[in-house]
Each structure stands twice: as structure tokens, then as C-alpha cells.
Amino acid sequence: MFDFKKSEEKWKKFWEEEKTYRFNQHSMKKIYSIDTPPPTVSGRMHMGHAFSYSQQDFIARFRRMFLASKGDSVFYPFGTDDNGLPTERLVEKTNKVKSKEMSRTEFIRLCLKTLKEVTPQFVQDWKDLGMSCDFSEIYSTISDSSRKISQKSFIELYKKGEVYKKEFPTIWCPDCQTSIAQAELEDKEEKSLFSTLKFSCGGKDLLISTTRPELLEACVAVFVHPDDKRYKSLVGKKAKIPMFDFEVPIIADKSANPEKGTGVLMICSFGDRFDADAINRHHLKPRIILNRRGKISEGKYSGLSVKEARKQILEDLKKADLIKEQKEIDHVVNVHDKCGTPIEFLTTEQWFIRILDKKKKLIEQGRKINWYPDFMRKRYENWIHGLEWDWNISRERHFGIPIPVWECKNCKEIILANESELPIDPTEKKKICPKCKAEAIGETKVLDTWATSSLSPQIASHLSKDKIKIPFTLRVQAHDIIRTWAFYTIVKSYLHESKIPWRNIVVSGNVSLGGEKMSKSKGNTIDPIEVMNNYGSDALRFWAASSKLGNDLDYQEKDLVAGTKMANKLLNASKFVFMNLEDYTGKEPEILEPLDELFLSRLKELIMSATKSLENYDYSRAKADVEQFFWNDFCDNYLEIVKKRVYRYQKGSPAKISAQYTLYKSLLAILKMTAPIMPFITEEVYQEYFRKTEKEKSIHISAWPESSKKKNFGKEKWSLLLKIISDIRQEKSKQQKAMNAENMLTLASSDYEMLEDFINDLMNVANARGLKKGKEFKVEFV
């Protein structure tokens, strides 16, 4: 039984001490560079991490071995994303504090202290998973180097005219109390009341349906469609707001849908982005009633949250007989992806990067990149087509990378930091306006975490002493951040260098449980740390390899059990093989036995197909093919066929050496092809049995097995041989005979002629006294 706990600790320590995965900065050879996703420091690794990061590691490990024979190397860095809101929330939860109740300086100091305490264990989770990143130098998105790169990016784009500041109705999270970008929105379906309310016009009821009665006091207009005959006579008149003593204009606008509700649309400041657009389009004066905490800021309902106000206003409307009808509906609302809070639109001053005028160009940039699977590119393009705002890059938080600007109190001149000052916090340094000599105020907002993470290739490149430039060879990531990490990285690379950030991108799917996506909010998560403790990291990785790239995968323990069986079988088969190689000198036979030549030919075909699959990032197919070959072809058949040759033949006999050579070479090739998926058991077997004869100190930096360009791999002969062996076994079972029962075999003439070169081995495995031609297959027991 494979003791995975002992083995994992041993080989993690070995890899670290031997610097097995360290990138050689002095290499003059070709470099395969990987832009690795820096996981957010927000707790421990979750199952989605384990799934996605395992899949990217399959690719990295394969490439490292595949390039080893050429002397080329893999640049595979590791970083942590630790300047975002999730990290801030972790610090608040860990230390039982609220950032908004502390000074910025105090909270930043606490964040840095907490990160220093939790990051080592956070990174250890990825080491425990068997990630083969270069952990010798780990980048952090809040480090001095990252802050400098991020602030320099902001300054460059401002100088190019791509960054601007504007007061505008922006997406606001009342819980996190910060503006957010469109990419940080998620749709959440909720039960809601669709209420038809009695507005009035000229003393008559004007019915309007809404899900947001709490915004009645923020109403600034009523829209009707210009072609809606029901309301044509009302255009230009005034509508009175129920319960509130003011009137608003009735305006003809095509955004009113005659088929929805009553066909009359209430325009508020601001119910959603359509309201913001409508108010701007018709030059209406907003009536702001919500504050940044998501509470009513004035009037009778002042101090109530949105939900509290909605409930109270509906009760008051009902008492005043101002509700015509109500019905419960399933209503999709936009929520902040970090906390699940429904968002609001508030007028705030924010910083933006221009992207709406570059949609066509960004689609062109995306098409220059090879997407795996290809359909993920469509998701990228759909996201761009649906963009409605420029990229909001500023946040009202304490912990983040400061926006490196000052604004003159007098003339409003924007003053940029000098590059020599970076990284800098403008709140800690005074500036004088160069124009009017008045004092300039440092910007208190910080950059959105994606404004920094979108520079991950440049940040990672810094670890290589800037030896590696964009485009990197590969980006690996999950599909739920195509709209953020992939998109924003493409944006930044285009705006700064007019280049693509990478030549290839591979995108993984989600993990589900019982067919439903795993989610903390649903309470259906599985802890990967616990899974690794119970089954081992190799078993977890084996499960993650069961899913084709980009597809979702359901978590099932039977797949983990299959992984532990594979590990144990590799160990036991290796023990058996090397028991029979004790007298083997490593000498290559002058002539291979026909069966051994046939088996090695079949192995070459497997190597060719597995290599092709992995080159195309189809690790699941490679894994399935190698697994099937190992269990069926190697263990169940080849080992049984040559057992007599290695047991009974005289030491040094050509037939025995041929079998020993084939066993050694085929087992080593199988191990190497399994190594990207199951790094611990393959290292265990390699070190125990192969290290003394193989030159490389680790299987993971050894050369990938060589395939063959030959097209005829003897598939027909091998398949027929296995079929006949299977038929013999079935006949023995049917006759209730032991598997070693002696017998006489008869083969159909055509089968005999095809297998004539393998007759001796066939008789050995069947324990047959004789074998002859005949009309049909027959087994006679003696």
C-alpha cells in the first residue's frame, strides 16, 4: 500500500532542496513562459482552485519534460493576489475589525502584518497539491515592485489620454462601500414583488409597475413609447408621484416597452444603468435619495435600508389604496461578485480607462491568441459586445495600490507622481501646484485589484530580471475570470505595447457537486485539504484530469478511489517488474523477440498519441489512454505473457534479456507519461527503482519518452493476440478450470498465420502443451 502522506512530505522536501523546478535565468535556450494566475489571499485553497491549478500544472510538467531533451526551460512563477477586497475582508474577519473604522495607515499596517502571518500557509496549500511552480521567488501584487509597475502603468496611460476622471452614476456596492466595475457584477435570481402603483395625471390614475417602490421619491420622469396610442395624449403633461407631493414630466421615449407591465416606465435616480442613461439623455436633474451605505438619506424613510424602505413603502401604499395589483416574480438582480450584495448606482467621482471606443480592436487582439478550447474565445467576444461602460479602476478602500496623483485645490490641475518617486502614497506626501502654487491634495482612492493583476506578465517578468517579455507562451486560468483577468490583461498589453500578452490561453471549467456548481453560499463545498489528507494529492489530481479542458466536472469519491488504485498499482507493478530485473545489466538486446518488438511498437503509438494530446492541452485524453494501456495492455497482458520468460529462462538468454529490456523501457515510459498527473507516486517509483541507472535526479526533469514516426504499429496483431488470450481465459472460467490449467489450443488458420511469430509466448501465457491450425478456435483441457 502506497503511504502517500510519508511520500508527499519526502518529495516536497526533496524538490525544494534540489531546486528541481527553479527557473534558470542564465539559460540561453528557448523558454516556455507561463502567466500563472495569482490566487487571491482570502483564506485557504478551495476545490475550484485545486481543480483548475492541477490542470495547469499538468501542462507545465509535461512541457518541462518535453523540452528537457532540447535543453529548453519552463518559466512557471507563482504569485499571490493580496491587494484586493477579499484580502481586506480576510484581515477584517481575522482581526475582528472594520477598515472604515480605522485610519488608513493603521489598517494598512494591520493588513501587511496579517499577510505576513497567513501567506506561508496559503502558499503551502499549493505546494501540497504538487504544483511545480518556481517557489524560490514568489511575487505579490502588493509588493513594492508590483506597486511601482501598477502605478507606472496608470501614469503612462494618463499621459496617453486613456485614463480620465469623471463624476458619473457608477456601480456601487453598499456593503463594501466602494465603486466597482461591470466585470465584477453577477446575476442573482431573487423573489420579488412586481407592484402596479397608482400614479395620476389630470385627476385620473396612471398605472405604473415596478419592483423598486423605495425609489418613488427619486423619480424624475415617466416614459411612454411614442407609438403607444394609449398614452399619446399624456405626452408633455405631468404625472403625480403616489404618496409624495411632487410631479414629474411624461416623456415619449422608445425605451418604454408597451409589452412590459402597463407600458409606462418610471425613471429614477438611479434604479439601474438605463435610468442613468435616460436622465443624461434628456438632461433631467437627478433626485438623489440613497447614501453610500445603501440607506435612504432624507424624508420620511430616512435611515432605512433599501429592503426596509421597500417593505415599509409597500405597506403605506397599500393602506392608502395606491396599489392596483401585485404579483410575485423571479427577478434577476445585479450583485457584487465579492460579497453578493445587490448593487446601486450612485453619482461619485471615479477614475476610468477608455475601452468602449476600442471594442473592435480588442476583439481583433483576442483573435490573434489561440484559445483552448476554442469556444472560450466566443465568451471573450460576447463580453466585449456587451460592454456598456469604460473600465472603472478606482476604489474607495484603504488597502490597495494608491492612485499616484494629486489635485490642486484651487485650479483643479492633476499632478502626476514622478517615476523616480514610485511606489508612492500621495496622501503621505504634499505637493504644490506648478500652475498656481496652491496646495495639491493627494488622491485617497486606490486602484482596482484587476488594474494590477492585469499586469501579471510584466510583474512575473520582473522575477526573470526582465529576461522574458510579452507575449508569454501561455496563460492558464478559469473561465469565470475571462471577463476580468483575461480581458483586462489583453487591454493593458494593447494599450501599453500594442501586443498580445500571450500566444495561447487555456481555460478550465467549474467544479460541481451533484450537478450543481460548488459555492460557499450554497453550502455545497468540499474541502480539498481534507480530500488530500484522506486520499492523497495524486488522487485529487487524478480526478481533476478526468475532465476535458473547459468542461465542468462533478466531484465524485469513486474517482478519488480510482486514483488511489492507480497509485498502488503503479507501485506493485514496479515491484514485480524489478523483482525480475535483479540480474538485468541494462544491456540492450541484439535482437528483440517478436512479441517484445510488437509491444514496444504499441507503446510508441501510445507515446505519440499522448504527446499529441498534451501538446494540444488535451490532458484528459492522454490520461485515459495511458491509464488504459497500463492496466490492460501492460499489467493484465504483457506482464502475464512474458512471466515465464523472465521466471524460467536462463540468465543472460537472449529471450529473457529481450523481455527484461522491454519491461524496463515500457514501465519507465508509462511512469513518465503519468508523471504530469501524479507527481508523487511517479517520483517514488523513479527514485526507488530507476534513479541508479537514469542520469536525471528527478523524473520531472527527465526527457519525455520518444515516439516514432512509423505508421504501422502492429495494432491488428496485438488486438488479435489479446482477443485470443481473453477467449482462453473465458473458456477456462466457463469450464471452471484454474488459469494455469494445461490445454491444447487450436487457432483458425488465418489467426495462426497472423500470430505465427508469437506462438511460443501465446503457449506460455495459456499454459498450452501444444498449438495447431484448424478451422476454428478451440481449447481442449488435458
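Each remark here, short or long, concerns the structure printed above.
For every chain, the first residue of the written sequence is number 1, and numbering continues from 1 onward in sequence order. The predicted origin of the model limits local features to residues at a pLDDT of at least 70 and limits the giving and counting of side-chain atom pairs to 80 or more, whereas totals for whole chains, interfaces and linings rest on all residues. The side-chain figures draw on all heavy atoms in the structure; neither hydrogens nor water molecules are used.

### As for the packing of helix α8 (residues 359-367) against helix α9 (residues 375-385)
Helix axes are fitted to C-alpha atoms over the stretch in contact, other axes to C-alpha atoms as well, and angles between N-to-C directions run from 0 to 180 degrees. Note on conventions: DSSP H or I runs of at least 4 residues are helices, E runs of at least 2 residues are strands, and numbering of each starts at the N terminus. At a closest axis distance of 10 Å, the pairing of α8 and α9 adopts a crossing angle of 170°. Between α8 and α9, the angle falls in the class roughly antiparallel. Across the interface between the two elements, Lys359, Leu362, Ile363, Gly366 and Arg367 from α8 touch Arg377, Tyr380, Glu381, Ile384 and His385 from α9. The nonpolar class holds Ala, Val, Leu, Ile, Met, Phe, Trp, Tyr, Cys and Pro. Asp, Glu, Lys and Arg form the charged class, and all remaining residues, Gly among them, are polar. Here the contact of α8 with α9 is built from residues that sort into four nonpolar, two polar and four charged. Note that the term roughly parallel is reserved for angles under 35 degrees, roughly antiparallel for angles over 145, roughly perpendicular for angles of 65 to 115, and oblique for everything else. Only heavy atoms matter for contacts: two residues are in contact if any of them lie within 4.5 Å across the pair.

### Regarding the sheet that holds strand β31 (residues 778-781)
Strand order across the open sheet formed by three strands is β30-β29-β31, with mixed pairing between neighbours. What marks the edges here is a single partner per strand, and that holds for β30 (768-774) and β31. Taken over all neighbouring pairs, the strand axes of this sheet differ in orientation by 20° on average, direction set aside. In this sheet, β30 lies alongside strand β29 (residues 743-748) in parallel orientation, the contact comprising six bridges. Within β30, the residue paired with methionine 744 across the bridge is glycine 770. Strands β29 and β31 of the sheet are contacted by helix α20 (residues 715-734), whose axis makes an angle of about 40° with β31. Its contacts with the sheet place helix α22 (residues 759-766) against β29 and β30, and it is angled at close to 125° to β30. Here a strand pair is declared whenever DSSP counts at least two bridges between the two strands.

### Description of the packing of aromatic side chains
Centre distance within 6.5 Å is the pairing criterion for rings of Phe, Tyr and Trp, where only the six-membered ring of Trp is used; planes under 30 degrees apart are then read as stacked, over 60 as edge-to-face, and the remainder as tilted. For the structure shown, the criterion picks out 37 aromatic pairs. Pairing phenylalanine 75 with phenylalanine 472 gives two aromatic rings, centres 6.2 Å apart and planes at 65°, and the pair type is edge-to-face. Residue phenylalanine 75 is found in strand β2 (residues 73-75), and its partner phenylalanine 472 is found in strand β24 (residues 472-478); the two are separated by 397 residues along the sequence. A relative accessible area of 4% places phenylalanine 75 in the buried class. For every residue, the accessible area (1.4 Å probe, protein chains only) is compared with the maximum for its type, and the residue is labelled buried under 20%, exposed over 50%, or partly exposed between those bounds. The class for phenylalanine 472 is buried, based on a relative accessible area of 0%. With centroids separated by 5.4 Å and ring planes inclined at 55°, the aromatic side chains of phenylalanine 599 and tryptophan 718 adopt a geometry described as tilted. With phenylalanine 599 in helix α16 (residues 594-615) and tryptophan 718 in helix α20, this residue pair connects regions lying 119 residues apart in the sequence. The same class applies to phenylalanine 599 as to tryptophan 718, namely buried. Site record: aromatic cluster; members linked through ring pairs are Phe599, Phe629, Phe630, Trp631, Phe634, Tyr638 and Trp718. The ring of tryptophan 15 carries arginine 61 above its face, with NZ or CZ at 5.3 Å from the centroid. Over the aromatic face of tryptophan 485 sits the side chain of arginine 475, whose NZ or CZ is 3.1 Å from the ring centroid. Should the NZ of a Lys or the CZ of an Arg lie within 6 Å of a ring centre and within 35 degrees of the ring normal, that charge is described as sitting over the ring.

### Focus on the sheet that holds strand β6 (residues 178-179)
Reading across from one edge, β6-β5-β14-β16 is the order of the four strands in this open sheet, with antiparallel pairing throughout. Two strands bound the open sheet, and with one partner strand each, they are β6 and β16 (391-392). Note: strand β5 (residues 163-173) against strand β14 (residues 344-353), ten bridges, orientation antiparallel. Bridge assignment links phenylalanine 168 to a residue of β14, and that residue is threonine 348.

### Thoughts on the pattern of salt bridges
By convention in these notes, a salt bridge is any Lys or Arg side-chain nitrogen within 4 Å of a carboxyl oxygen on Asp or Glu. Counted under the stated rule, the structure contains 49 salt bridges. One salt bridge connects glutamate 117 with lysine 113, and the closest N-O pair in it is separated by 2.9 Å. Within this pair, glutamate 117 and its partner lysine 113 are both found in helix α4 (residues 104-128), separated by four residues, close to a single helical turn. Overall, the relative accessible area of 49% leaves glutamate 117 in the partly exposed class. With relative accessibility at 48%, the residue lysine 113 sits in the partly exposed group. We note a salt bridge from glutamate 184 to arginine 395, for which the minimum N-O separation is 2.4 Å. With a gap of 211 residues between them, glutamate 184 in the loop between β6 and β7 (185-201) and arginine 395 in strand β17 (residues 394-395) connect regions that are remote in the sequence.

### Quick word on unusual backbone geometry
Note that the residue after tyrosine 372, namely proline 373, is joined by a cis bond; omega there is -10°. Mapped onto the elements of the fold, proline 373 is located in the loop between β15 (370-372) and α9. Cis peptide bonds are those with omega within 30 degrees of zero, and the linkage from leucine 422 to proline 423 qualifies with -5°. In this structure, aspartate 466 takes a positive phi of about 60° despite not being glycine. Position of aspartate 466 relative to the elements: it lies in the loop between α11 (456-463) and β24. You will see that glutamine 736, though not glycine, has its phi angle at about 55°, which is positive. Relative to the assigned elements, glutamine 736 resides in the loop between α20 and β29. Glutamine 736 gets classed as exposed once you look at its relative accessible area, which sits at 74%.

### Things to note about the nonpolar core
Taken as a class, soluble globular proteins show a tendency for nonpolar side chains to be buried jointly. Buried residues of nine kinds, namely Ala, Val, Leu, Ile, Met, Phe, Trp, Tyr and Cys, make up a nonpolar core once their side-chain atoms join them within 4.5 Å. Phe154, Trp391, Phe487, Trp543, Phe634 and Phe690 are the most contacted members of the largest nonpolar core, which has 187 residues in total. By residue number, the principal contributor to this core is helix α17 (residues 619-648), which donates twelve residues. For phenylalanine 634, the residues in contact, after removing those within four places along its chain, are Val577, Phe599, Phe629, Leu639, Leu663, Ser666, Leu667 and Ile670. Of all hydrophobic cores here, the second largest spans 35 residues; its members include Leu206, Leu290, Tyr301 and Leu314.

### Topic: the state of the cysteines
Disulfides are covalent bonds that connect the sulfur atoms of two cysteines. Put simply, a disulfide is two cysteine sulfurs that come within 2.5 Å. Within this structure, the stated rule accounts for zero disulfides. Take cysteine 268: it sits in no disulfide, and the sulfur closest to it among the cysteines is that of cysteine 219, at 4.7 Å. Accessibility expressed as a relative area gives 2% for cysteine 268, which makes it buried.

### Quick look at the packing of helix α15 (residues 557-579) against helix α18 (residues 654-674)
Packing of α15 against α18 leaves a shortest axis separation of 11 Å and a crossing angle of 160°. Between α15 and α18, the crossing angle belongs to the class labelled roughly antiparallel. Viewed along their axes, α15 and α18 form a crossing whose handedness is left-handed. Counted together, Met566, Leu570, Ser574, Val577 and Phe578 of α15 and Leu663, Tyr664, Leu667, Ile670, Leu671 and Thr674 of α18 form the full contact between these two elements. By definition, turning the near helix anticlockwise from the far helix through less than a right angle yields a left-handed crossing, and turning it clockwise yields a right-handed one.

### Some thoughts on a positive patch on the surface
Exposure above 30% relative accessible area and the lack of any salt bridge qualify a residue for a patch; like charges then connect within 9 Å, and the nonpolar side chains Val, Leu, Ile, Met, Phe, Trp and Tyr within 5 Å. Note that accessible areas follow from Shrake-Rupley with a 1.4 Å probe, and for residues the cover is restricted to the protein chains shown. When charges are counted, Lys and Arg are positive and Asp and Glu negative, with His and the chain ends excluded. In this description, the location of a charge corresponds to atom NZ of lysine, CZ of arginine, CG of aspartate or CD of glutamate. Taken together, the side chains of Lys100, Arg292, Arg293 and Lys295 present a region of like positive charge at the surface. Of note, lysine 100 is situated in the loop between α3 (85-95) and α4.

### Considering the environment of proline 120
As for its position among the elements, proline 120 is in helix α4. Placed 475 residues apart in sequence, proline 120 and leucine 595 show a C-alpha to C-alpha distance of 53 Å.

### A closer look at the pairing of strand β19 (residues 405-408)
Alternating positions in β19 separate into two faces, Val405 and Glu407 on one and Trp406 and Cys408 on the other, with burial throughout. By the bridge criterion, three bridges tie β19 to strand β20 (residues 414-416) in an arrangement that is antiparallel. Paired with tryptophan 406 across the two strands is isoleucine 415, which belongs to β20. Where β19 meets strand β22 (residues 439-442), three bridges bridge the pair, whose relative direction is antiparallel. Bridge assignment links tryptophan 406 to a residue of β22, and that residue is glycine 442.

Take it as geometry only, folks, not as evidence of what the structure does.
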